[in-house]
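Here are the chains, one letter per residue:
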Amino acid sequence: MSKILIIEDEEAIADLEKDYLELSGFEVEIEHRGDVGLKKALEGSYDLFILDLMLPEVDGFEICREIRNVKNNPVIMVSAKKDDIDKIRGLGLGADDYMTKPFSPSELVARVKAHLARYERLIGTGVQENDIIEIRGLKIDKTARRVWINGEEKNFTTKEFDLLTFLAQNPNRVFTKDELFKEIWAMESIGDIATVTVHIKKIREKIEFNTAKPQYIETIWGVGYRFKV
């Protein structure tokens with residue numbers, strides 16, 4: 001039995017959606033506040049999410065963004081807003097569908113079934129989840145080449161990403177600047193190891209809370225750098 005989480009502040013609408021979905025054989029839970037719903041969505045095990053756009057505390061856009069950071073399950077966004085810009089934004093954040101209120105509960109059920117069937121087909125084809133490294137609030141998505149620190153995405157250049165990923169994949173090991181230069185730039189350093197120092201500085205500015213006391217990339221004086229776990 002597929003499990004669905006509805007995050008909707010209008011109780012009458014949420015209850016109606018729940019009734020129709022349960023009649024179709026789904027297990028359904030409801031949350032009326034955005035912050036509570038977000039916590040439940042991230043911590044619980046659900047097959048599909050139905051999000052209202054306008055919610056107290058945390059809106060549907062933010063919930064969708066946070067879900068997409070960690071889960072690939074279908075997300076259906078519902079809203080009384082009919083503006084294309086809201087639909088475009090919702091779909092751009094990773095929502096699989098956008099329904100404008102009022103809508104038929106039967107149509108919602110049909111879309112839920114369609115999205116779940118499509119998701120199950122994708123999983124069944126052996127589509128693998130992204131290769132992700134997570135260490136104390138730092139999340140590196142190697143497949144998508146994206147980095148988050150405490151849920152906030154940071155922009156990395158190609159070499160910054162490669163250097164951070166290499167160190168994170170080889171924790172607690174000290175690398176000299178020459179070794180890092182050869183590994184990331186694929187050539188002998190030939191006296192240009194200052195490049196490594198500059199890139200380490202830029203990475204720290206993006207992931208460290210206090211660059212003077214780094215919690216991720218340590219400087220081992222006279223030797224090189226180490227990613228601490």
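Residues numbered from 1 in each chain as written. Predicted model: local features only at pLDDT ≥ 70, side-chain atom pairs only at ≥ 80, totals over all residues. Heavy atoms only, no water.

In the annotation of an unreviewed UniProt entry, the entry for the chain reads Stage 0 sporulation protein A homolog, and the organism field reads Blautia pseudococcoides. Looking at the chain in UniProt, the text filed under Function (unreviewed entry) is "May play the central regulatory role in sporulation. It may be an element of the effector pathway responsible for the activation of sporulation genes in response to nutritional stress. Spo0A may act in concert with spo0H (a sigma factor) to control the expression of some genes that are critical to the sporulation process." (UniProt positions renumbered as here; feature names shortened; annotations may be inferred.)

Help me out: how do you make sense of the overall build of the chain in this one?
Across its full length, the chain holds eight helices and 12 strands. Radius of gyration (C-alpha) of the chain: 22 Å, far over the 17 Å computed for a compact globule of 229 residues. Principal-axis analysis of the C-alpha atoms places the extent of the chain at approximately 70 × 40 × 30 Å. In the chain, buried positions account for 42% of the 229 residues. If you take every contact in the chain between residues at least 6 apart in sequence, the share linking residues at least 24 apart comes to 54%. Approximately 12400 Å² of the chain is accessible, and the part contributed by carbon and sulfur atoms is 50%. Between the averaged position of the 34 positive side-chain charges in the chain and that of its 42 negative side-chain charges there is a distance of 6 Å. (Helix = DSSP H or I, 4+ residues; strand = E, 2+ residues; numbered from the N terminus. Rg over C-alpha atoms; globule rule 2.2 N^0.38 Å. Buried < 20%, exposed > 50% of the residue type's maximum accessible area, 1.4 Å probe, protein only. Contact = heavy atoms within 4.5 Å. Areas by Shrake-Rupley, 256 points an atom, 1.4 Å probe, with all protein chains shown as cover. Lys, Arg positive; Asp, Glu negative; His and termini not counted. Charge placed at Lys NZ, Arg CZ, Asp CG, Glu CD.)

Before we go on, may I ask you to explain unusual backbone geometry in this structure?
Most of the time, phi is negative for any residue but glycine, and the peptide bond is trans. Residue Pro-102 is reached from Lys-101 by a cis peptide bond, and omega for that bond is -5°. As for its position among the elements, Pro-102 is in the loop between β5 (97-100) and α5 (105-124). In this structure, Arg-145 is a non-glycine residue whose phi angle is positive, near 55°. Turning to its location among the elements, Arg-145 is positioned in the loop between β7 (138-141) and β8 (146-149).

Teacher, can you tell me more about the pairing of strand β3 (residues 48-52) here?
As a general feature of sheets, a regular strand has side chains that alternate between the two faces. Across the five residues of β3, five count as buried, placing the element largely inside the fold. Residues Leu-48, Ile-50 and Asp-52 line one face of β3 and the alternating positions Phe-49 and Leu-51 line the opposite face, and both faces are buried. Alignment of strand β1 (residues 3-7) against β3, held across four bridges, turns out to be parallel. By the bridge assignment, Leu-5 is partnered in β3 with Phe-49. Of the pairings in the sheet, the one linking β3 to strand β4 (residues 75-79) comprises four bridges and is parallel in character. Residue pairing in the sheet places Ile-50 in a bridge with Ile-76 of β4. Running through helix α3 (residues 60-70), the crossover from β3 to the neighbouring parallel element β4 is right-handed. (Pairing = 2+ DSSP bridges. Right-handed = clockwise from strand over helix to strand, strands pointing away.)

I would appreciate a short explanation of helix α1 (residues 11-23) in the present structure.
Because an α-helix packs 3.6 residues into every turn, residues spaced three or four apart end up facing the same way. Taking 1.5 Å of rise per residue, the 13 residues of α1 would be expected to cover 18 Å, and the 18 Å separating its terminal C-alpha atoms lies within 8% of that figure. Of the residues making up α1, those classed as buried are Ala-14, Glu-17 and Leu-21. Each buried residue of α1 lies within a common arc of 65° when the element is viewed along its axis, so the set occupies one face. Among the exposed residues of α1, those pointing more than 90 degrees away from its buried face are Ala-12 and Leu-23. (Expected span 1.5 Å × (residues − 1). Arc of directions from axis to C-beta.)

When you look at the UniProt feature "domain: Response regulatory" (unreviewed entry) in the chain in this model, what are you seeing that I'm missing?
Feature annotation in UniProt assigns "domain: Response regulatory" (unreviewed entry) to the following positions: residues 3-116. Secondary structure across residues 3-116 divides into 48% helix and 21% strand, with the first and last C-alpha atoms of the span separated by 10 Å.

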